[in-house]
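Below are the chains, spelled out letter by letter.
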Amino acid sequence: MNITFLLPCTAERPVGGIKVIFEYANRFIEDGYCVNIIMPARLLSIKNRIASLIRYPYYLISKNYLPYEWFELNKNVKLFFVRNLKFKNIPCKSDIFIATAVETAYFLEGYDTSAKKIYFIQDFEDWSMSSTQVLASYKFKMTKIVISPWLKDLVRSVGEDATLIPNGFDFNKFFLQQAISKRNKYNILMLYHKEERKRCKDAIKALCVVKKKYPCVNISMFGVPKRPRGLPFEFSYFRKPNKKLHNDLYNNSAIFVSASRKEGMALPPAEAMQCGCALCCTNIGGFSLYAKDGFSALLSPVYDYEALAKNIIKLLEDDVCRQRIAKQGNELIQGFTWEKAYRDFKNVIMQYYR
């Protein structure tokens, strides 16, 4: 069986949603399937169309679209870089096409093919299209898979249904090494990201409040962008940390902070839980499967940096609470395995061949 994933972009840098797709691709290959991944130089916008005139020939020669520097993708996965996702440009045969973003779903909807169509919904992508267009895509005659209950509710709101398959997590990559009880409670970690919906500026405001009360707090950040400038406190920054360093960052931290206003099912907070961090985050659907208020995390309203700061301070001042939340979070996240996620994803595909 040939399975083809349609990506919305190239894969030269770490992206959570693409990482999830690659995890599935590896497992399908190991299970004996043929897997293709199609990456376009451009999608729908005029800006993308102009940029692709330069990007497409350059990437073809340089191979900059490849993900091997940051992800161990099985070399038997066939990667194709194309001008766009029009059906005429698809260079491989496929029994199943899987759209992985709203733009790719619009292309797939227009494919004149007998192949089965699946729409893998990882977020409400209203940054790419309008909310109306995103909701309209949920009505396409495709089998839908979502990663969070809140996304399933959105699909149902337009009269459709979807199979819920939460993301799995790699416990060989991220795991508890440093005992929770022996950590420096003043070590705090967060992801730095430029996307507005990640609301890093709210997390930074919260950390300013914390730092004012506890100057001894050590703040570390990691991310893909260059080191942020102009922050009002000292901090350590790790750009694109390798696997070992990334795991060490989580294990050397006692508290992980995230202030996002919207996520599909965010990976870094869960990875921090895998490594024994106590989680302080916002109360959104993208955290809800693993961030249970007072049990595996302390939750605060979106945009309310003062409430987020209050929760961080609570964990600094209450060792019993911090260690309990970290321990319970670490135990809870163990239930989100890639084995289970892959089994459920494969079951959706196999319904066509029973």
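From a predicted model like this one, the values you see are computed outputs, not experimental measurements.

### Overview of a positive patch on the surface
On the surface, a cluster of positive charge is made up of Arg-13, Lys-194, Lys-226, Arg-229, Arg-239 and Lys-240. As for its position among the elements, Lys-226 is in the loop between strand 9 (218-223) and strand 10 (236-239).

### A few points about the pairing of strand 9
Across the 6 residues of strand 9, 5 count as buried, placing the element largely inside the fold. Across 5 bridges, strand 8 (residues 187-191) lies against strand 9 in parallel orientation. Its bridge partner lying in strand 9, Leu-189 is registered against Ser-220. Following the backbone out of strand 8, through helix 6 (residues 200-213) and into the adjacent parallel strand 9, one traces a crossover that is right-handed.

### A few points about empty space enclosed by the protein
Enumeration over the complete set of coordinates arrives at 2 cavities of 30 Å³ or more. Of the voids in this model, the largest cavity is the one considered here, and its volume is about 110 Å³. As for the largest cavity, its lining consists of 16 residues, and the residues nearest its centre are Leu-191, Lys-198, Val-257, Ser-258 and Ser-260. At 3 residues, strand 11 (residues 255-258) tops the list of elements feeding residues into the lining of the largest cavity. Among the residues making up the lining of the largest cavity, the classes are represented as 10 nonpolar, 3 polar and 3 charged. Lining the second largest cavity we find Lys-19, Val-20, Glu-23, Gly-168, Phe-169, Asp-170, Lys-173, Phe-174, Leu-267, Glu-271, Gln-274 and Trp-338. The dominant element in the lining of the second largest cavity, judged by the number of residues it contributes, is helix 1 (residues 16-30), at 3 residues. Its residues placed into classes, the lining of the second largest cavity shows 5 nonpolar, 2 polar and 5 charged.

### What about the sheet that holds strand 1 (residues 2-6)?
If you trace the 7 strands from one edge of the open sheet to the other, you get 3-2-1-4-5-6-7, paired in parallel fashion. With one partner strand each, in any of the chains shown, strand 3 (78-82) and strand 7 (163-164) form the two edges of the open sheet. Bridge analysis of strand 1 against strand 2 (residues 34-40) gives 5 bridges, and the strand direction is parallel. Pairing of Asn-2 across the sheet is with Cys-34, part of strand 2.

### Some words on the pairing of strand 12 (residues 278-282)
Among the 5 residues in strand 12, 5 count as buried, and that is most of the element. On strand 12, burial covers both faces: Ala-278, Cys-280 and Thr-282 on one face and Leu-279 and Cys-281 on the other are all buried. Relative to strand 12, strand 11 is paired through 4 bridges, and the arrangement is parallel. Residue Val-257 lies in a different strand from strand 12, and its bridge partner there is Cys-280. For the segment spanning strand 11, helix 8 (residues 268-274) and strand 12, crossover handedness is right-handed. The pairing of strand 12 with strand 13 (residues 297-300) spans 4 bridges and is parallel. Bridge pairing links Leu-279 to Ala-297 in strand 13.

### Regarding the sheet that holds strand 9
The strand order across the open sheet built from 6 strands is 10-9-8-11-12-13, with neighbouring strands paired in parallel fashion. A strand with exactly one partner marks an edge of an open sheet, and here the two such strands are strand 10 and strand 13. In this sheet, adjacent strand axes meet at a mean angle of 20 degrees when their direction is disregarded. Sheet strands in contact with helix 9 (residues 305-317) are strand 8, strand 11, strand 12 and strand 13, and its direction is about 160 degrees off that of strand 13. Where helix 10 (residues 319-333) meets the sheet, its contacts fall on strand 11, strand 12 and strand 13, and the angle it forms with strand 12 comes to roughly 85 degrees.

Calculation rules
- Residues numbered from 1 in each chain as written.
- Predicted model: local features only at pLDDT ≥ 70, side-chain atom pairs only at ≥ 80, totals over all residues.
- Heavy atoms only, no water.
- Patch = residues over 30% accessible without salt bridge, like charges linked within 9 Å, V, L, I, M, F, W, Y side chains within 5 Å.
- Areas by Shrake-Rupley, 256 points an atom, 1.4 Å probe, with all protein chains shown as cover.
- Salt bridge = Lys/Arg side-chain N within 4 Å of Asp/Glu carboxyl O.
- Lys, Arg positive; Asp, Glu negative; His and termini not counted.
- Charge placed at Lys NZ, Arg CZ, Asp CG, Glu CD.
- Helix = DSSP H or I, 4+ residues; strand = E, 2+ residues; numbered from the N terminus.
- Buried < 20%, exposed > 50% of the residue type's maximum accessible area, 1.4 Å probe, protein only.
- Pairing = 2+ DSSP bridges.
- Right-handed = clockwise from strand over helix to strand, strands pointing away.
- 1 Å grid on protein atoms, 1.4 Å probe; cavity = no way out; pocket = protein on both sides within 12 Å on 5 of 7 lines; lining within 4 Å.
- Points joined across faces, edges and corners; volume = space filled by probe spheres on them.
- Nonpolar A, V, L, I, M, F, W, Y, C, P; charged D, E, K, R; others polar.
- Axes fitted to C-alpha atoms, helices over the stretch in contact; angles between N-to-C directions.
- Contact = heavy atoms within 4.5 Å.

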